[in-house]
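The primary structure of each chain is shown beneath.
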Amino acid sequence: MIRINCPYCGERDHSEFSYGGDATINYPSLDASEKDWTEAIFFRKNIKGFQFETWHHSNGCRMWLVVERSTVTHEIKSVKPCHPDLQKVVENNK
Amino acid sequence: MKTRRIDNYGKINRDKILSFRWDKKNYKGFEGDTLASALLANNIGIVGRSFKYHRPRGIFSSGVEESGALVTIGSKDRRDPNVRATTQELYNGLEASGQNAFPNVNFDLAGINNYLGRFFAAGFYYKTFMGIPPLEWGKGTAIWMFFEKFIRKAAGMGSASGLPDPDTYEHAHDFCDLIVVGSGPAGVAAAIEAAEKKLDVILVEQDSLIGGNQLAENDFDNSQIKNQLENLGIKIMTRTTAFGLYDNCVVGLLERVTDHISAPNVNIPRQRFWTIRAKHIIVGAGAIERHIAFNNNDIPGVMTVNASKHYLNRYGVLTGKRIVIATNNDSVYETANQLSEAGANVTVLDSRTNLEIETNKSFEIRKGYVPYNINGSKKIDSLDISKSETINKSETINCDQVLLSGGWSPAVHLLSHRGVKPKWDYNNACFLPNDTKENITIVGSSRGLWNKNDCIASGIAGTTDALNRLGLSKTNYFFPKPGGWKNPIQPLYEVKYKKSRSKSFVDYQHDVTTDDVRLAHREGFISVEHLKRYTTLGMANDQGKMGNIIGLSLMAELLNKEIPEVGTTVFRPPYTPVSIGALSGRNVGKHFRPLRVTPMHQWNIDHGAKMIEVGLYQRPWYYPKENETLSDSYIREASTVRKTVGICDVTSLGKIAIQGPGSTEFLNRIYSNGFSKLQVGKARYGIMLRDDGIVMDDGTSWRLAENEYFMTTSTGEAAKVMSWLEELLQTRWTDLNVNVTSVSEQWAGVSVAGPKSREVLNNCLDDSLVITNNNLPFMGVTSTFLKGNIPCRIARISFSGELAFEVYVKSDFANTMMDLLWENAKKYNGCLYGLEALGALRVEKGHVTAAELDGRVTIDDAGLSKMASTKKSYIGSAMRKRGVLKNNDREILVGFFPTNLKETFNAGTIVCEKNNIKGQGIGRITSVTYSPELGHWIGLGFVKGGLDKWKDTNLVGADPVRNKQMNLKVVSPHMIDPKGERMYA
């Protein structure tokens, strides 16, 4: 069972979270072209090893998180809030 | 009847006699027996018939690796098939029977299969699919379908009762510093060491007693160990199998709580499914003795050496009188001594020629000899033996039992669950666990340690390893080297005797023979994964605990490779079978998933509502008056709404508070239609698209103040929309100052609809001027008070197409609101209406719901092109224009009438052109209802090209599932009041 150390709630089982997706995508602006959006939505790398992905603490604090997880071993290297302001708060409280 | 029980042996309680039934006859055993030991004591040799060949099978082992003695326990709804007799504890009144045999295991008509063996070899199923050679006769599925029912009946094991399971099961959770799997000498040493170092320890044992393989020793007494463990505060879990290891030191366990009790207390669960989170795991799961493949090595009376030691010293059963032990290693000699001391005539065949061994000399050792064939059918008559170098007929020994030891396989299964492949050890002829970075340490004979002192030392080393890894110590430690026998083991997996066509079994439980492995090789299935699937080697419920290595060694020999080059298949959880009941726990029946009710749930029921599930919600379906059917009721309700007024609980809609200076911009980005000019005090219907341009959800948003909105979503998509909004705000638009809060539970909502709705609502309000047409025009929003000073929000929104209001109060006031509205609605001959009438009203109006917005539909498909703003960009605005979504032949929302207005149709009907009724047709009907207003059945759905293309054409509705067909007319989806004059009234 994967366990995620939520910066707000502490370490919890993954059953409290919902998987989001690739956290490294820079979504284009809303008026960007169909081509840019196609690139952002449909094309994904299939990484073997560590990848950044979003998880939602849906049965917890409702925070969206960036989780650095190995797709091979499920090892988690880092967890931080997606929102940069929340990241700063977490950093300052360390 | 002769008994095999002998005096002065065993740890059973001879003062407690237990009666049990085996194949409809009564027998007796003792407390402490397993079903297997009791059957052996009663001299019952045949306990089942084999999977394919229906050969008589006996008891091969004394533990979880059992591949012969699979029996059915219990009867009626408590019938439990494929239970290993070797692990089933005996209890008074136990009922058991043999499997896969007719009329019984002693005389089985399907035993003829044994002589048809060449037709049932590996790949039999696949080849039957291909047709019967040489002419591929019957190629295709027809022949398969014909034979399948016979094959299914003949093959296989016990059958399930087919009745609901009357037992309860539980899920339980626990956590600890260290969990130790296995209570042999290594596990116990590890647990004690850890507890002394102040770790919180759980010790798990699958057996009813702690001790592991020491339970097979004649002088072993576990009571002292048990006291010591308990005094140290170690939690001991017996009858509990750690069936799987998962990420982050999570262990899955199955505790058999009442499987050993005759009349269990109904208030305790039969089994408990444990999830235990530990900081470190120590596995001392022991090792499993292998058999040897040779001709007729499955005749009842064949057993592993270690099993007979268990039966002698634990259960007081001497399993044979004239016993031949065949071995390639030292582990058998203690047993040979004890068996001969107990009165058996013992001969040991040791495949090795050079060996030094100390024995009590009461039995003969034949060095350099191996067995190659057993004579007998239902029991062993004699054993043919040969010198090991070349197998030739040399001698036959009369015997009634053959005990085998082909070496020991450490139980590496649990580590394999973590993706750690084992490594082959040539010296000990076995797979050993590899190292892992995870906090898992393997101890005892699971690391290939064959003597007790080494096992104990490894247990202590294991705990030191755990303490070091947990950062609690920095102590040096070392594990004893694998091995521990005086003479090296000599690899021996198969004794091949070429002159015979008898079967030589690799996997007893699936009837896989050495010839099957060779056939797989000949036919090219040489990878272990292919070998496994082609021959089904190791795929029975013992998962090849005894036979897998033999199969691998045969394949290695055929490929001229070494075993490690051939590899091993991956063991996956569960280690031993886990019942489905335990997996589901209490999540059965009504507890299968959570139940959500609205705050006026009881009020609805008290007022006659029949309920229906919508997602997790219970919603009123219809409110029948006496003797009314569902259709009587909803037709009455829908017409009442159109005529006067109706009240409907709409609380299950998702409700989200959107607050902050960026709110308007936020809504403008997520909805396809414009929100920037929505005035305070107005609501707007909006559609949200996904990134890929498909419709996600629809709903309304009410502007309560400059920077505050109240959003409603559909019932089913509420959670998804909430997560989506949070995702956008936290990941993409982090500069927008907006806060979203789910307030679905906080507000109770009701729809008051119908021409008299304004009068009814007015009577319920403190201030009657608030909802006049001027003060609250269509899509107007206001905050006011119901009588009794109850704050409420009202929006003039209509789903039914009538003049209508949605009224929301804080959930605590739900019943008061319902009482008030209902009291006044009754004055106008109004009604309460449920989901069925709501559906009828919205279909008449052509309003879409989840039945239409099914994740494949665009705004244009849904006929809502006007809702797609051209003046702004929004989520999905780029992608909704991609080519495939703009094709001319997309299915567009339309209404359907049956051409003959007396006919009915169903949702799911496929719409076809008249002369081309096949496949997916040109469209589909998604929602249907009887329209009280129009007086006939109507439907909503999609058709390629939409109304413009088909409005004058007769189409056909094909409903092959219900064997129905009708002519259809395509109409506008807005089937009544298309201009909306009623809602604006």
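Residues numbered from 1 in each chain as written. Chains lettered and ligands numbered in written order. Predicted model: local features only at pLDDT ≥ 70, side-chain atom pairs only at ≥ 80, totals over all residues.

**Examining the overall build of chain B**
Here is step 1 of the chain: Scanning chain B from terminus to terminus reveals 22 helices and 47 strands.
Here is step 2 of the chain: With respect to the three principal axes, the spread of C-alpha positions in chain B is 115 × 75 × 55 Å.
Here is step 3 of the chain: When burial is assessed residue by residue, chain B has 51% of its 985 residues classed as buried.
Here is step 4 of the chain: Here the analysis covers contacts within chain B between residues at least 6 apart in sequence; of these, 66% occur between residues at least 24 apart. (Helix = DSSP H or I, 4+ residues; strand = E, 2+ residues; numbered from the N terminus. Buried ≥ 20, exposed ≤ 12 C-beta atoms within 10 Å, placed from the backbone. Contact = placed C-beta atoms within 7 Å.)

**Notes on the packing of helix α6 (residues 305–313) of chain B against helix α7 (residues 333–341) of chain B**
Residues and elements named next belong to chain B.
Here is step 1 of the chain: For the pair α6 and α7, interaxial distance at closest approach is 10 Å and the crossing angle is 40°. Here α7 runs oblique to α6, going by the angle between their axes. Between α6 and α7 the crossing geometry is left-handed. On the side of α6, the interface is formed by Val-305, Ser-308, Lys-309 and Leu-312, while α7 contributes Thr-335, Gln-338 and Leu-339.
Here is step 2 of the chain: Tallied by class, residues from the contact of α6 with α7 come to three nonpolar, three polar and one charged. (Axes fitted to C-alpha atoms, helices over the stretch in contact; angles between N-to-C directions. Parallel < 35°, antiparallel > 145°, perpendicular 65-115°, else oblique. Left-handed = near helix turned anticlockwise from the far one by under 90°. Nonpolar A, V, L, I, M, F, W, Y, C, P; charged D, E, K, R; others polar.)

**Re the pairing of strand β5 (residues 64–70) of chain A**
Residue and element names in this part refer to chain A.
Here is step 1 of the chain: Taking burial as the measure, the seven residues of β5 include five buried ones, the bulk of the element.
Here is step 2 of the chain: Taken together, the seven bridges between strand β4 (residues 50–56) and β5 define a ladder with antiparallel strand orientation. Its bridge partner lying in β5, Phe-52 is registered against Glu-68.
Here is step 3 of the chain: Bridge analysis of β5 against strand β6 (residues 76–81) gives five bridges, and the strand direction is antiparallel. Paired with Val-67 across the strands is Val-79, a residue of β6. (Pairing = 2+ DSSP bridges.)

**Examining the confidence of the model for chain A**
Here is step 1 of the chain: Looking at chain A as a whole, the pLDDT averages 95, with 100% of positions reaching at least 70.
Here is step 2 of the chain: Here helix α2 (residues 84–92) of chain A stands out as the least confident element of chain A, with mean pLDDT 92; β4 of chain A is the most confident, with 98. (pLDDT = per-residue confidence, 0-100.)

**Observations regarding helix α10 (residues 514–522) of chain B**
Residue and element names in this part refer to chain B.
Here is step 1 of the chain: Buried within α10 we find Thr-514, Asp-516, Val-517 and Ala-520. End-on view of α10: buried residues confined to an arc of 160°, all on one side of the axis.
Here is step 2 of the chain: The inward-facing, buried residues of α10 abut β27 (505–507), β28 (512–513), α11 (528–535) and α12 (548–558). (Arc of directions from axis to C-beta.)

**Some words on the interface of chain B and chain A**
Interface size is often expressed as the accessible area that is lost when the parts come together.
Here is step 1 of the chain: Contacts between the two partners involve 22 residues from chain B, matched on the other side by 23 residues from chain A.
Here is step 2 of the chain: Top element by residues in the side of chain B that touches chain A is helix α18 (residues 718–732) of chain B. It accounts for six residues.
Here is step 3 of the chain: Grouping the amino acids of the side of chain B that touches chain A by side-chain chemistry returns six nonpolar, seven polar and nine charged.

**Some details on the sheet that holds strand β22 (residues 401–405) of chain B**
Residue and element names in this part refer to chain B.
Here is step 1 of the chain: Reading across from one edge, β15-β22-β16-β17-β18 is the order of the five strands in this open sheet, with parallel pairing throughout. The outermost strands of the open sheet, each flanked by one partner alone, are β15 (302–304) and β18 (364–367). Averaged over all adjacent pairs, the angle separating strand axes in this sheet is 20°, with direction ignored.
Here is step 2 of the chain: Bridge count between β15 and β22: three bridges; the pairing is parallel. Directly across from Met-303, in β22, lies its bridge partner Leu-403.

**Quick notes on unusual backbone geometry**
All names here are of chain B.
Here is step 1 of the chain: Note the cis peptide between Pro-573 and Pro-574, where omega equals 0°.
Here is step 2 of the chain: Of note, Pro-574 is situated in the loop between α13 (563–566) and α14 (580–584).
Here is step 3 of the chain: Positive phi, close to 60°, is recorded for Thr-536, a residue that is not glycine.
Here is step 4 of the chain: For Thr-536, the position within the fold is in the loop between α11 and α12.
Here is step 5 of the chain: Here Asn-963, not a glycine, exhibits a phi torsion of approximately 60°, which is positive.
Here is step 6 of the chain: By secondary structure assignment, the location of Asn-963 is in the loop between β46 (954–959) and β47 (964–971).

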